[in-house]
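Report on the structure
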Amino acid sequence: MKSLSYLNKYFFKYKWRFLLGIVFIVISNYFGVKMPKYVGDATDQLLKNTSINTTSEIIFLALKIGGLYVLYSVLSGFFLFLTRQAIIVMSRLIEFDLKNEIYAHYQRLDYSFYKKNATGDLMNRISEDVSQVRMYLGPGIMYSINLVALFFLVIFQMIDLNAWLTLFVLIPLPIMSFLIYKVSSKMNSLSTDVQKEQSLLSTIAQETFAGIRVVKAYSREKETHEKFNASSLNYKKKNMRLVLVNSLFMPTIVFLIGVSTITAIYIGGLLAYDEKISVGGILAFIMFVNKLTWPFASLGWVTSINQRAAASQKRINEFLQIQPEIVNKNQDSFELKGDIEFNNVSYTYPNSGIVALNNLNFKIKEGETFAIIGRTGSGKSTIVNILMRQFDPTNGSITVNGTDLKSLNLDEYRNQTGVVPQEVFLFSDTIAENIRFGRNDDVQPEEIKEAARKAHVLHNIEAFPDQFETILGERGVNLSGGQKQRVSIARALIRKPKLLVLDDCLSAVDTETEEIILSNLQQDTKSRTTVIVSHRISSIRNASNIIVLDHGKVIEQGSHDELMAQNGLYTDMYHKQLAEEK
Ligand SMILES: Nc1ncnc2c1ncn2[C@@H]1O[C@H](COP(=O)(O)OP(=O)(O)OP(=O)(O)O)[C@@H](O)[C@H]1O
Ligand SMILES: [Mg+2]
């Protein structure tokens, strides 16, 4: 339950709403418990003076009691409405805040966090777990306060009528709370099972539909259906169990209400026989007991939803407590000029222990085109990630304009760079929006067009009926691999970056297109430093400085001609690629 104390700051934020809610609960219950006493007294009045009761007197009494009943019910109901407006609305407001808090925290966390945690888990914290916590903030709190308020309002009236009877009728109530708690807990654990099975089922379906072309091409429809069917069967089984326990819930309550009522009538009857309580008193008692049963039942239910909420909040707290390893400590603005130096940089992936970079030393000069070439898995993308400070090197340091990258204003640094990652990611939005994403200020349509032209994708876009308004993604147009890469290049170019980093982003275009794009890029190299990563020599041969990477080490370095003269791995790759082209 300790984990829930995290939410206290939110109760504090909405303190007035919360306090008002408590006041409304008390008022609502105050009107709610006035009736039994009146009904009891009126009954006694009728029974005692049978001889003097005229019909009109009886009608008057009945009208008075009936009128009061309606009045108090309306008042009690009205304040119950206000209670829910205060407390349930508060819970929804906190739910909104909490979701935003978690989301904002997610965005602060770095790449390594996303590597460690599955997307499904992240989604669950923000949807499923927050919903569970909301149950504690709303109904959980409301019914708890309700029980306390009602108990104190009723108990003195009951003791006043008869202390012994009070004791007897109250005995079944805690037992009922306990039973309801047991049933609710079972229901909760079963519905968790059902939810798990359901998300498994959706994952299977989603994966099949996303990969439908592979499924059909290998004609594996039957097998995928069997897989779906097996999971669906499990889902059904678990749901049946839940239904069974669910159907115990109401009968348990009704049974125990019955026991309390019978106790009240039986013991009350015995006491009335000894004239220790009136018949009207018994009637009032039964009404009190009926008022108390649901709140006592809710105690069991509330305990179990609170436990569930505590478990959810614990999971949320675990995420909220994670601090990003990459933090921006500096708010000073600076101008990026290039001049980036790697000093003895090594990197080992923590999860796999793979030494991806091994003691790298090189310098990227301002305004130059710097290239990194190497076989697959040699560590090129790792360099790009470190350069963008997605993660920090295990050893060594990177300096930018002579300052350690770790102490630079990271936002400014990233704002002045444009990266085209190796794995293209485009949003399910229009092409224009995808390109505009590269900028956070106002962008004119001409600028988008110009960026697309430079990335040599304009003619493709203009061939679509909706041109720049063409929707990409699942329900939109599918771009070819090379088109996607070029839209992603346009997104980087529209930033007008001081440092442009291209991670193997021309791999899916032919050499002719590649040449056009490279020559377009060449046009504004004066104001820009460019880092090109590739495993194709044609992409990088014009770079002023090339490093050849092998197993995370720089094994050769120089311009194309210098490297050719060295007659090493670079020359070897060159000849092989030339032969392939021919
Ligand atoms: N997230 C990761 N976790 C663990 N190991 C990784 C991770 N990413 C890369 N590696 C490993 O680090 C090494 C270098 O990978 P990297 O992606 O930098 O190669 P690359 O030169 O970009 O290859 P390619 O040309 O295929 O893109 C590889 O052995 C790879 O398996
Ligand atoms: Mg790579």
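1. Re the coordination of the magnesium ion (ligand 2)
Each protein donor to the magnesium ion (ligand 2) is listed here as Ser381 (OG) and Gln422 (OE1); together their distances run 1.9 to 2.1 Å. Here Gln422 lies in the loop between strand E6 (417-420) and helix H14 (431-436) and Ser381 lies in helix H12 (residues 380-387), a separation of 41 residues in the sequence. Residue Gln422 is classed as partly exposed on the basis of its relative accessible area of 39%.

2. As for unusual backbone geometry
Positive phi values are uncommon outside glycine, yet Asn359 reaches one of about 55°. Here Asn359 shows up in strand E2 (residues 355-364). By relative accessible area, Asn359 is classed as partly exposed at 43%.

3. Focus: the domain arrangement of the chain
Entries for the chain in the domain assignment read domain 1 (2-321), domain 2 (332-416 + 498-576) and domain 3 (422-496). The C-alpha-based centres of domain 1 and domain 2 are spaced at 60 Å.

4. Regarding the sheet that holds strand E8 (residues 529-534)
By definition, the strands of a sheet pair up through backbone hydrogen bonds, in either a parallel or an antiparallel sense. In spatial order, the strands read E6-E7-E8-E3-E9-E10; together these six strands make up an open sheet with mixed pairing. In the strand order of this sheet, the two ends are held by E6 and strand E10 (553-558), each with one partner. When strand polarity is set aside, the average angle formed by the axes of neighbouring strands in this sheet is 15°. Direction of pairing for strand E3 (residues 369-374) relative to E8: parallel, over a ladder of five bridges. Along E8, the bridge assignment pairs Thr369 with Thr530.

5. Notes on the packing of aromatic side chains
The full count for this structure, using the stated rule, is 25 aromatic pairs. Taking the centre distance of 6.4 Å and the plane angle of 80° together, the rings of Phe11 and Tyr136 count as edge-to-face. Highlighted residues: Phe11 in helix H1 (residues 8-13) and Tyr136 in helix H6 (residues 119-161), separated in sequence by 125 residues. A relative accessible area of 12% means that Tyr136 is categorised as buried. For the ring pair Tyr111 and Phe391, a centre distance of 5.6 Å and an interplane angle of 45° mean the geometry is tilted. Of the two residues, Tyr111 sits in helix H5 (residues 111-116) while Phe391 sits in the loop between H12 and strand E4 (395-400), which places them 280 residues apart along the sequence. Every member of this aromatic cluster is reached through a ring pair, and the members are Phe24, Tyr30, Phe31, Tyr38, Tyr72, Phe78 and Phe79. For Lys15, the ring lying beneath its charged end belongs to Phe12, and the centroid distance is 4.6 Å. Across the ring face of Phe319, the terminal group of Arg125 is positioned such that the distance to the ring centre comes to 4.9 Å.

6. Remarks on the site of ligand 1
Close contacts around ligand 1 come from 16 residues, with Thr376, Lys380, Ser381, Thr382 and Gln422 the closest. Side-chain polar atom of Ser352 to a nitrogen atom of ligand 1: 3.2 Å apart, as the coordinates give it. Take Gly377: an N or O atom from its main chain is 2.8 Å from an oxygen atom of ligand 1. With the chains in place, 74% of the 640 Å² that ligand 1 exposes on its own is no longer accessible. No other element matches the three residues that H12 contributes to the shell around ligand 1.

The rules behind the values
Residues numbered from 1 in each chain as written. Chains lettered and ligands numbered in written order. Predicted model: local features only at pLDDT ≥ 70, side-chain atom pairs only at ≥ 80, totals over all residues. Heavy atoms only, no water. Donors = N, O, S within 2.8 Å, 3.2 Å for Na, K, Ca; no water. Helix = DSSP H or I, 4+ residues; strand = E, 2+ residues; numbered from the N terminus. Buried < 20%, exposed > 50% of the residue type's maximum accessible area, 1.4 Å probe, protein only. Domains from an automatic or database assignment. Pairing = 2+ DSSP bridges. Axes fitted to C-alpha atoms, helices over the stretch in contact; angles between N-to-C directions. Phe/Tyr/Trp six-rings, centres within 6.5 Å; stacked < 30°, edge-to-face > 60°. Lys NZ or Arg CZ within 6 Å of the ring centre and 35° of its normal. Near = heavy atom within 4 Å. Polar contact = N/O pair within 3.5 Å; in protein donor to acceptor, adjacent residues only side chain to side chain. Areas by Shrake-Rupley, 256 points an atom, 1.4 Å probe, with all protein chains shown as cover.

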